Amino acid sequence: MDIDVDLSSLRESLEANEADGYLIDDDASDSDQRYVSGFTAPDPYQTLVTPEGVHLLVSGLEYGRASKDASADSVARRADYDYQQLVAEHGPYEAKSRLLEAFLDDHGVNSLSVPRNFPTGTADGLRARGLEVTVEPEGIVEEIRATKHEWELAQIDATQDANEAALATAEELIASADIDDDGTLVRDGEALTSERVKEEIEITLLRHGCGLDDTIVACGADGADPHNRGSGPLEADELIVIDIFPRDKETGYFADMTRTFARGDPGEEARRRYDITEEAYEAALEAVEAGATGADVHGVACDVIEDAGYETLRSDPSTDTGFIHSTGHGVGLDIHEQPSVSPSGGELEPGHVISIEPGIYDPEVGGVRIEDLVVVTEDGYENLTDYRVGLEPKNE
């Protein structure tokens, strides 16, 4: 990871709480671990932040790569502490506690601050060895990660480029499909299904160095549930929500984008909902700037949708139709991270990357959502999404 991570606020927290160090015990699927260490491994390893530096403890298998690739001031291996002998004498659980005790002692650490997801077993083992372990509840590393460096912005932008290519593949499939007598979209003599479109999305992303665990291609009533992945044949005259959130396989940075299409005529009410959603999306984008809050931006989207006569969770917290989610979220090494563009969203700062994605939902009509990914700037935003907004799919 080609960035100089600024951990000054974390170190200030250590000083304020009279802790000697901050320890992460996880594999690189934990984004804080990946960010602080600058290293990825499939098995758990330890990253220690002290006032003097960042120190890694890894297996012998990972030692060579960590020594070369990690953003750390030192890298130690378990063998340096006779780990296998500890396992033979004490068993794996006690051995790990003794291993970490020795590693921490080498760096003058007797009291630890740890993240909220720190393993309970590790914490209990260290406490049993006489170390002080306190959970840091504020999520300081996630807060640090929220402000992206230029290198990070370039990675997210590249992932969004791949996302746009995948969405173009999906749009072309829908736009060029035939329609049979039952109103079902047909490709190559077979019904065009949500599963087929998702498969083609994934193939396109793989060709661009990205992947995903799942994506949304939801037609009709399926699209009225914002997180319904969709299944079965796609139909003409129905709203089709496509939401793609890939991750670059090398850098780990996500992107996010949603468009809603309809082949044929989904009806006057569906078209009205699309127009109102687009108006809310544009108004929310215009509200984005440094100093505004996520709550401010969410409120602007709610204003547009409520003024058009639809419910939001602000106007009716119990509604299950209308605008039933927040306006957006941070995107980076996690698909959902800080800051939040919601009623509780705090101040936006330059370098924050957020989604803007209002929507209107009702099983009787279907779902509409439009989503772009933007970077907050001093006087507005830079849009990382270069994909047209339009209800009718185009075959380009």
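This section reports on the structure supplied with the text. Given the structure is predicted, the values throughout are model-derived calculations rather than measurements.

## Remarks on the sheet that holds strand β4 (residues 74-77)
Strand pairing within a sheet occurs via backbone hydrogen bonds; the two strands may be parallel or antiparallel. The strand order across the open sheet formed by 6 strands is β4-β3-β2-β1-β5-β6, and the pairing between neighbours is mixed. Each of the sheet's edge strands pairs with one partner strand only, and the pair in question is β4 and β6 (132-135). Within this sheet the neighbouring strands show an average axis-to-axis angle of 25 degrees, counted without direction. Where strand β3 (residues 54-58) meets β4, 4 bridges bridge the pair, whose relative direction is parallel. Bridging across to β4, Leu-56 finds its partner in Val-75. Contacting β3 and β4, helix α3 (residues 60-69) crosses the sheet at an angle of about 165 degrees to β4. Sitting on the sheet, helix α4 (residues 83-106) touches β1 (21-26), β2 (45-49), β3, β4 and β5 (111-114), and the angle it makes with β3 is about 150 degrees.

## Considerations on α4
When the terminal C-alpha atoms of α4 are compared, their 15 Å separation across 24 residues is substantially less than the 34 Å that a helix rising 1.5 Å per residue should span. The sharpest bend along α4 reaches about 125 degrees and sits at Gly-91, with the proline Pro-92 one to four residues further on. Along α4, the residues classified as buried are Tyr-83, Leu-86, Ala-95, Ser-97, Leu-99, Leu-100, Phe-103 and Leu-104. On the buried face of α4, the contacting elements are β2, β3, β4, β5 and α5 (120-128).

## Comments concerning the side chain of His-329
Structurally, His-329 can be placed in strand β15 (residues 328-330). At a separation of 3.0 Å, a polar atom in the side chain of His-329 contacts the main-chain carbonyl oxygen of Ile-335. Setting aside anything within four residues of it in sequence, one finds His-329 in contact with Asp-256, Ile-335, His-336, Glu-337, Pro-339, Val-341, Val-353, Ile-354, Ser-355, Glu-357 and Glu-371.

## As for the packing of helix α9 (residues 268-287) against helix α10 (residues 294-307)
Orientation of α9 relative to α10, taken along the N-to-C sense of each, is 155 degrees, at an axis distance of 8 Å. The pairing of α9 with α10 is recorded here as roughly antiparallel in orientation. The element α9 and its partner α10 pack so that their crossing is right-handed. Along its contact with α9, which presents Ile-276, Glu-279, Ala-280, Ala-283, Ala-284 and Ala-287, the element α10 presents Val-297, Val-300, Ala-301, Val-304 and Ile-305. Of the residues contributing to the contact of α9 with α10, the split by class is 10 nonpolar, no polar and 1 charged.

## Some thoughts on the nonpolar core
Core analysis: the largest hydrophobic core is formed by 39 residues, its most contacted members being Leu-7, Leu-10, Tyr-35, Val-36, Phe-39, Leu-56 and Val-353. With residues up to four places along the chain from it excluded, the contact list for Val-36 reads Leu-7, Ile-24, Thr-47, Val-49, Val-54, Ser-71 and Val-141. Ranked by size, the runner-up nonpolar core spans 29 residues in total, among them Ala-270, Tyr-274, Cys-302 and Val-341.

## Section: the pattern of salt bridges
Applying the stated criterion across every chain yields a total of 25 salt bridges. Ionic pairing is found between Glu-62 and Arg-65, a salt bridge with its closest N-O pair at 2.6 Å. Here Arg-65 and Glu-62 lie together in helix α3, a separation of 3 residues that amounts to about one turn. When its relative accessible area of 33% is taken as the criterion, Arg-65 is described as partly exposed.

## Focus: α9
Over its 20 residues, α9 runs 29 Å from end to end, which matches the ideal 28 Å to within 8%, given 1.5 Å per residue. Here α9 has its buried residues at Ala-270, Arg-273, Tyr-274, Ile-276, Thr-277, Ala-280, Tyr-281, Ala-284 and Leu-285.

## Describing the packing of aromatic side chains
Enumeration according to the criterion identifies 3 aromatic pairs in this entry. Ring geometry for Phe-39 against Tyr-45: centres 5.4 Å apart, planes inclined by 75 degrees, an arrangement best described as edge-to-face. Judged by relative accessible area, which is 1%, Phe-39 ranks as buried. Take Tyr-45: its relative accessible area is 1%, and that puts it in the buried class. Here the aromatic rings of Trp-151 and Tyr-253 are separated by 5.9 Å at their centres, their planes lie at 80 degrees, and the arrangement is edge-to-face. Taken together, the positions of Trp-151 in helix α7 (residues 150-176) and Tyr-253 in the loop between β13 (247-248) and β14 (257-261) put the pair 102 residues apart, joining distant regions of the chain. Stacked on the ring of Tyr-63, the Lys or Arg Arg-77 has its end atom at 3.8 Å from the ring centre. For the cation-ring pair, Arg-78 lies above Tyr-83, with the distance from its terminal atom to the ring centre recorded as 5.7 Å.

About the cut-offs
Throughout, residues of each chain are indexed from 1 in the direction in which the sequence is written. The model is predicted, so local features are restricted to residues of pLDDT at least 70 and side-chain atom pairs to those at 80 or more, both for listing and for counting; the totals for chains, interfaces and linings are taken over all residues. Excluding hydrogens and water, the side-chain figures rest on all heavy atoms present in the structure. A pair of strands counts as paired when DSSP detects no fewer than two bridges linking them. For helices the rule is a DSSP run of H or I covering at least 4 residues; for strands it is a run of E covering at least 2, with both sets numbered from the N terminus onward. Axis lines are fitted through C-alpha atoms, for helices just across the contact stretch, and the angle between N-to-C directions can take any value from 0 to 180 degrees. Note on contacts: a residue pair qualifies if any of its non-hydrogen atoms lie within 4.5 Å across the two residues. Expected span, for any helix, means 1.5 Å times one less than how many residues it has. Here the bend at each residue means the angle between axes fitted to two seven-residue stretches, the one ending at that residue and the one beginning there. The classification of residues rests on relative accessible area computed with a 1.4 Å probe and restricted to protein chains. Under 20% of the type maximum is buried, over 50% is exposed, and intermediate values are partly exposed. The definition of a polar contact used here is a pair of N or O atoms within 3.5 Å, where within protein one atom must be able to donate a hydrogen and the other to accept one, and adjacent residues in sequence count solely through side-chain atom pairs. Throughout this description, any angle smaller than 35 degrees is read as roughly parallel, any larger than 145 degrees as roughly antiparallel, any in the 65 to 115 degree range as roughly perpendicular, and the remainder as oblique. If you view the pair so one helix is near and one far, a crossing is left-handed when the near helix is turned anticlockwise from the far one by less than a right angle, and right-handed when it is turned clockwise. Note on residue classes: Ala, Val, Leu, Ile, Met, Phe, Trp, Tyr, Cys and Pro are nonpolar, Asp, Glu, Lys and Arg are charged, and everything else, Gly too, is polar. Definition used in this section: a nonpolar core is a set of buried Ala, Val, Leu, Ile, Met, Phe, Trp, Tyr and Cys residues joined via side-chain atoms within 4.5 Å. In what follows, salt bridge is the name for a side-chain nitrogen of Lys or Arg lying within 4 Å of a carboxyl oxygen of Asp or Glu. In this scheme Phe, Tyr and Trp rings, the latter by its six-membered ring, pair at centre separations within 6.5 Å, and the angle between planes marks the pair as stacked below 30 degrees, edge-to-face above 60, and tilted otherwise. Ring-over charges, as used throughout, are those where CZ of Arg or NZ of Lys falls within 6 Å of the ring centre and within 35 degrees of the ring normal.

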